[in-house]
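Fold and geometry: a report
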Amino acid sequence: MTGTPHRPAAGGRDPLGPLARRIVDAMTAGFPDPARGPLDAAALRRASRADPPEAESDGATSVDRTVPGPPDAPALPVRIYRPNAPAAGPRPLVVFCHGGGWVLCDLDTHDGLCRQLARRAGAVVVSVEYRRAPEDRFPAAAEDAYAATRWAVGHAAELGCDAARVAIAGDSSGGNLAAAVALMARDRTGPPLAAQVLLYPALDHRLAGRSAADYATGFFHTTAHMRWYWEQYLGPDGDPTHPYAAPGRAADLAGLPPALLVLPECDPLRDEGRAYGRALRRAGVPARVDEYPGAFHGFLGAAGVLPTVDDALDAVAQWLVGTLSDGDVTSR
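Residues numbered from 1 in each chain as written. Predicted model: local features only at pLDDT ≥ 70, side-chain atom pairs only at ≥ 80, totals over all residues. Heavy atoms only, no water.

From N to C terminus, the protein includes nine helices and nine strands. Here the protein has a C-alpha radius of gyration of 18 Å; the compact-globule value for 332 residues is 20 Å, and the two agree. The C-alpha extent of the protein, read off along each of the three principal axes, is 55 × 45 × 40 Å. Classification of the 332 residues of the protein by burial places 56% in the buried group. Contacts in the protein between residues far apart in sequence, at least 24 positions, make up 76% of those at least 6 positions apart. With an accessible surface of roughly 13,000 Å², the protein has 52% of that area assigned to carbon and sulfur atoms. Of the side-chain charges in the protein, 33 are positive and 39 negative, and the distance between the mean point of each set is 3 Å. (Helix = DSSP H or I, 4+ residues; strand = E, 2+ residues; numbered from the N terminus. Rg over C-alpha atoms; globule rule 2.2 N^0.38 Å. Buried < 20%, exposed > 50% of the residue type's maximum accessible area, 1.4 Å probe, protein only. Contact = heavy atoms within 4.5 Å. Areas by Shrake-Rupley, 256 points an atom, 1.4 Å probe, with all protein chains shown as cover. Lys, Arg positive; Asp, Glu negative; His and termini not counted. Charge placed at Lys NZ, Arg CZ, Asp CG, Glu CD.)

In terms of strand pairing, strand β1 (residues 56-57) meets strand β2 (residues 60-67) through two bridges, oriented antiparallel. For S57, the partnering residue across the bridge sits in β2 and is A60. In textbook terms, the turn of a hairpin is the stretch between consecutive antiparallel strands, and for β1 and β2 this stretch comprises two residues, one of which, D58, has a positive phi near 55°. By the bridge criterion, eight bridges tie β2 to strand β3 (residues 76-83) in an arrangement that is antiparallel. (Pairing = 2+ DSSP bridges.)

This next bit is on unusual backbone geometry. Cis peptide bonds are those with omega within 30 degrees of zero, and the linkage from A133 to P134 qualifies with 0°. Relative to the helices and strands, P134 is located in the loop between β5 (124-128) and α4 (140-154). Residue F138 is joined to P139 through a cis peptide bond whose omega torsion reads 15°. A positive phi angle, close to 65°, is found at D72, a residue other than glycine. In this fold, D72 is placed in the loop between β2 and β3.

Next up on the list: helix α5 (residues 173-187). For α5, which comprises 15 residues, the first-to-last C-alpha distance of 21 Å matches the rise-based estimate of 21 Å (1.5 Å per residue) to within 8%. Immediately beyond the C-terminal end of α5, within one or two residues, lies T189, with a positive phi of roughly 55°. (Expected span 1.5 Å × (residues − 1).)

Before going further, it helps to spend a moment on the pairing of strand β9 (residues 287-296). Most of β9 sits inside the fold, with eight of its ten residues counted as buried. Read as a crossover between parallel neighbours, the route from strand β8 (residues 259-266) over helix α8 (residues 270-282) to β9 is right-handed. (Right-handed = clockwise from strand over helix to strand, strands pointing away.)

Here we take up helix α3 (residues 111-121). Buried residues dominate α3, accounting for nine of its eleven residues. Taken residue by residue, α3 has D111, L113, C114, R115, Q116, L117, A118, R120 and A121 as its buried positions. After α3 finishes, the residue G122 shows a positive phi value of roughly 65°.

Attention shifts here to the environment of L280. Tracing the chain through its elements places L280 in helix α8. Along the backbone, L280 and A254 are 26 residues apart, and their C-alpha atoms lie at a distance of 7.5 Å. Look past the residues within four positions of L280 in its chain and what remains in contact with it is Q196, L253, L256, A259, L261, V285 and A287.

This paragraph deals with the confidence of the model for the protein. For the protein, mean pLDDT is 93; residues scoring 70 or higher make up 95% of the total. Below a pLDDT of 50 lies the segment residues 1-11, which in the model reaches 28 contacts outside its immediate sequence neighbourhood of four places, other chains included. (pLDDT = per-residue confidence, 0-100.)

Tallied over the full model, the rule gives nine aromatic pairs. Look at Y292 and F299: their rings are 5.7 Å apart centre to centre, the planes differ by 45°, and that puts the pair in the tilted class. On the basis of relative accessibility, which here comes to 0%, the residue F299 falls in the buried class. Counting every residue linked through ring pairs, the aromatic cluster contains W102, F138, W230 and Y233. Over the ring of F219 we find R21, and its NZ or CZ is 5.4 Å from the ring centre. Positioned over the ring face of Y146 is R188, at 4.8 Å from the centre of the ring. (Phe/Tyr/Trp six-rings, centres within 6.5 Å; stacked < 30°, edge-to-face > 60°. Lys NZ or Arg CZ within 6 Å of the ring centre and 35° of its normal.)

Positionally, M226 belongs in helix α7 (residues 223-234). Note: C-alpha distance between M226 and S172 (54 residues apart in sequence) is 9.9 Å. Apart from residues lying up to four places away in sequence, M226 is in contact with W102, A202, L207, H221 and L269.

Within the structure shown, the criterion is met by 22 salt bridges. As a salt-bridge pair, R79 and D64 come within 2.7 Å of each other at their nearest N and O atoms. Highlighted residues: R79 in strand β3 and D64 in strand β2, separated in sequence by 15 residues. Since its relative accessible area comes to 6%, R79 is described here as buried. Take D64: its relative accessible area is 47%, and that puts it in the partly exposed class. Where D310 meets R120, a salt bridge forms, and the shortest distance between an N and an O atom there is 2.7 Å. (Salt bridge = Lys/Arg side-chain N within 4 Å of Asp/Glu carboxyl O.)

Structure representation (structure tokens):
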């Protein structure tokens, strides 16, 4: 475990507050570290495993089902969350792709985050279990996420949702998939998407931003982990310049739906998120970038423990409600 930041702030101050530092160090202690030896997908999956949740908790009820995958591919497990609070009419719909470096995590690890989004935004959330690397490399996960999104939009009425108010969302590698789905939906003339929410997304395999050096170690998710994840996802013959693999390298971002990017300060991926926000704006896409000082990659999993998380989730929910109701989004 690396318990100190790669580059301390002025005076040697830890940019994480005491509570965030305790959370990060506890997470790091039980997670395989590339500095201690080669990473292994099975070991990483064991370290990230979560207990199955209750079907009804945290203000939302969930049900599991399978939906059609891409042509000639397996059916996809999804978990559908509905807020317990009554709604006056059709709800907005959020399709969510979980993170985990395209290698680990699943519906259970991100159950709490999806329930929070459903409850706070008053939306139906469809969480997607896509094929994982290295067993299934790019474009399997992206095509799965796109197929699930097509299914969800096509069944919006059945889900009690408005097909004109659909957002694609995801965290980390799931943020990568969400950005890819937005591009795919534009290029393939559908389904129509009204918003994209990218939570500390992985967008560019080059990891060339200063944050990849400044926060390379000491904040749970390391730059070495991210490089390894990219290797698993792309494989030896993958094209790292393909826009659906690395949306941060897409040459054309015009015509995409409004975007919200949530970026923690102490994250190797922070600067590629910043760059994507700037690129979206240059392409005429409304893009808001919210940065959270003293936060770390994956911090949204600490709802109810770390106060910053509740602030961030409230901001995401408010942005979704505003954007999916009238398309009014404030860029900053």
